[in-house]
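# Architecture at a glance
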Amino acid sequence: MNILIMGGPGAGKGTMSAKIVEQYNVNHISTGDIFREEISSGSALGQEAKTYIDQGLLVPDEITNAMVKDYLEHLPDLKSGYLLDGYPRTLDQAKAFDALSKDSAMAVDVVIAMEIPFAALAERISGRRLCKSCGAIYHIHANPSKQEGVCDVCGSALYQRKDDTVESLQVRLQEYTRQTQPVLDFYEAKGLVKHINADQPIEAVWASVVGALKD
Ligand code: ADP
Ligand code: AMP
């Protein structure tokens with residue numbers, strides 16, 4: 001099954017992705033995670049992407065499309081499909097990905113749209129903590145680690161994303177409305193979108209996602 005998961009910054013895409021990957025044996029491809037890995041490794045791609053990411057802006061389409069194409073072509077194991085998290089995020093990306101994937105085993109089967117009022121996102125973003133080693137996602141109130149600042153899964157230190165500030169969130173929300181909302185309309189016209197109420201406790205959101213993937 002080939003899945004796209006969409007939603008504003010902090011809607012819970014990464015949290016649901018971890019659960020989907022565990023249950024459905026799909027390749028999790030998060031463009032945000034790939035960019036952060038490129039930044040950590042100090043690559044030329046990472047250095048270029050960083051200038052946009054630090055400001056909350058989207059990385060230009062040519063860079064992002066080429067990166068995703070390359071990533072997909074080099075997947076060591078196709079597994080039972082993919083879960084694309086954070087891509088496509090502009091209409092141009094959606095069209096480029098459509099041209100690449102349609103009429104093939106890569107075609108999108110379902111789009112999970114995580115819906116939540118923008119007003120709820122500042123609390124999610126400001127409380128988010130991540131494990132640098134294994135990527136596990138926590139929230140200081142909604143989903144805290146057992147020991148503050150330490151990952152339950154692997155024992156490594158947790159960190160806060162540099163772009164998880166209220167200022168950056170404002171820019172990311174504007175980018176979402178201007179650039180990503182049209183992507184949802186694009187897939188809506190194809191009849192692929194399943195709407196999920198993401199403004200519920202994690203387990204309730206998960207139950208809705210499982211229900212949507214069953215239909
Ligand atoms: P995204 O990948 O969409 O940016 P994340 O999955 O990283 O979002 O979630 C953002 C923050 O909100 C994290 O700190 C996460 O633990 C928390 N979170 C995710 N889903 C929920 C939920 N249903 N209720 C409360 N907090 C949540
Ligand atoms: P995320 O981890 O999904 O919140 O993404 C973090 C940042 O990476 C975004 O604010 C963008 O700057 C960049 N990014 C991630 N995915 C994309 C994409 N598909 N297109 C452009 N920029 C992206």
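In the block above lies the structure referred to throughout.
Residues numbered from 1 in each chain as written. Chains lettered and ligands numbered in written order. Predicted model: local features only at pLDDT ≥ 70, side-chain atom pairs only at ≥ 80, totals over all residues. Heavy atoms only, no water.

## What to know about the site of ligand 2
Surrounding ligand 2, one finds 16 residues, the nearest of these being Thr-31, Arg-36, Leu-57, Gly-86 and Gln-93. Contact between ligand 2 and Gly-86: a nitrogen atom at 2.8 Å from a main-chain N or O atom of the residue. Between ligand 2 and Arg-89, the relevant distance is 3.0 Å, taken from an oxygen atom to a side-chain nitrogen or oxygen of the residue. Across the complex, the protein chains shield 96% of the 480 Å² of accessible surface that ligand 2 would expose by itself. Sorting elements by how many residues they give to the shell around ligand 2 places helix H2 (residues 31–41) first, with 4 residues. Looking at the shell around ligand 2, its residues break down into 6 nonpolar, 5 polar and 5 charged. (Near = heavy atom within 4 Å. Polar contact = N/O pair within 3.5 Å; in protein donor to acceptor, adjacent residues only side chain to side chain. Areas by Shrake-Rupley, 256 points an atom, 1.4 Å probe, with all protein chains shown as cover. Helix = DSSP H or I, 4+ residues; strand = E, 2+ residues; numbered from the N terminus. Nonpolar A, V, L, I, M, F, W, Y, C, P; charged D, E, K, R; others polar.)

## Describing the nonpolar core
Generally speaking, a soluble globular protein has its nonpolar side chains buried in company with each other. In this structure, Phe-97, Val-108, Val-111 and Tyr-187 are the most contacted members of the largest nonpolar core, which totals 28 residues. Among the secondary structure elements, those contributing two or more residues to this core are strand S1 (3–7), H2, helix H3 (44–53), helix H4 (61–73), strand S3 (82–85), helix H5 (91–101), strand S4 (110–115) and helix H7 (166–189). With residues up to four places along the chain from it excluded, the contact list for Phe-97 reads Leu-72, Tyr-82, Leu-84, Tyr-87, Met-106, Val-108 and Tyr-187. Judged by nonpolar contacts, the second largest core, of 24 residues, contains Leu-169, Ala-198, Trp-206 and Leu-213. (Core = buried A, V, L, I, M, F, W, Y, C linked by side-chain atoms within 4.5 Å. Buried < 20%, exposed > 50% of the residue type's maximum accessible area, 1.4 Å probe, protein only. Contact = heavy atoms within 4.5 Å.)

## Concerning the sheet that holds strand S5 (residues 128–131)
Reading across from one edge, S6-S5-S7 is the order of the 3 strands in this open sheet, with antiparallel pairing throughout. Unpaired on one side and paired on the other, strand S6 (137–139) and strand S7 (158–159) mark the two borders of the sheet. Relative to S6, S5 runs antiparallel, the two sharing 3 bridges. Within S6, the position partnered with Arg-128 by the bridge is His-139. (Pairing = 2+ DSSP bridges.)

## Considering the site of ligand 1
Surveying the vicinity of ligand 1 reveals 18 residues, the closest of which are Gly-14, Thr-15, Arg-128, Tyr-138 and Gln-200. Here an oxygen atom of ligand 1 sits 2.9 Å away from a polar atom, N or O, in the main chain of Gly-10. Take Arg-128: an N or O atom from its side chain is 2.6 Å from an oxygen atom of ligand 1. For ligand 1, whose free accessible area comes to 560 Å², the fraction covered by protein is 92%. For the shell around ligand 1, the secondary-structure elements that each account for two or more residues are helix H1 (13–24), S6 and helix H8 (202–214). A per-class count over the shell around ligand 1 returns 8 nonpolar, 7 polar and 3 charged.

## Some thoughts on the pairing of S4
Within S4, 5 of the 6 residues are buried, which leaves it mostly tucked inside the rest of the structure. Looking at chain direction, S1 and S4 are connected through 5 bridges and run parallel. Bridge pairing in S4 places Gly-7 opposite Met-114. Pairing geometry for S4 and strand S8 (residues 193–197), over 5 bridges, is parallel. By the bridge assignment for S8, Val-111 is matched with Val-193.

## Some points on the packing of aromatic side chains
The geometry of two aromatic rings is summed up by the distance between their centres and the angle between their planes. This structure, assessed with the given rule, holds 4 aromatic pairs. Between the aromatic rings of Tyr-87 and Phe-97, the centroid separation amounts to 5.8 Å while the plane-to-plane angle is 85 degrees, which identifies the pairing as edge-to-face. Of the two residues, Tyr-87 sits in the loop between S3 and H5 while Phe-97 sits in helix H5, which places them 10 residues apart along the sequence. The pair Tyr-87 / Phe-97 is uniform in exposure class, with both members buried. Where Phe-186 meets Tyr-187, the ring centres are 5.1 Å apart and the plane angle is 90 degrees; that geometry is what we call edge-to-face. Looking at Phe-186, the relative accessible area reads 17%, which means it is buried. Accessibility expressed as a relative area gives 1% for Tyr-187, which makes it buried. Feature note: the residues Tyr-82, Tyr-87 and Phe-97 constitute an aromatic cluster, connected by ring pairs. Looking at Lys-132, its charged tip hangs above the ring of Tyr-159, at a distance of 4.5 Å from the centre. (Phe/Tyr/Trp six-rings, centres within 6.5 Å; stacked < 30°, edge-to-face > 60°. Lys NZ or Arg CZ within 6 Å of the ring centre and 35° of its normal.)

Keep in mind these values describe shape, not function.
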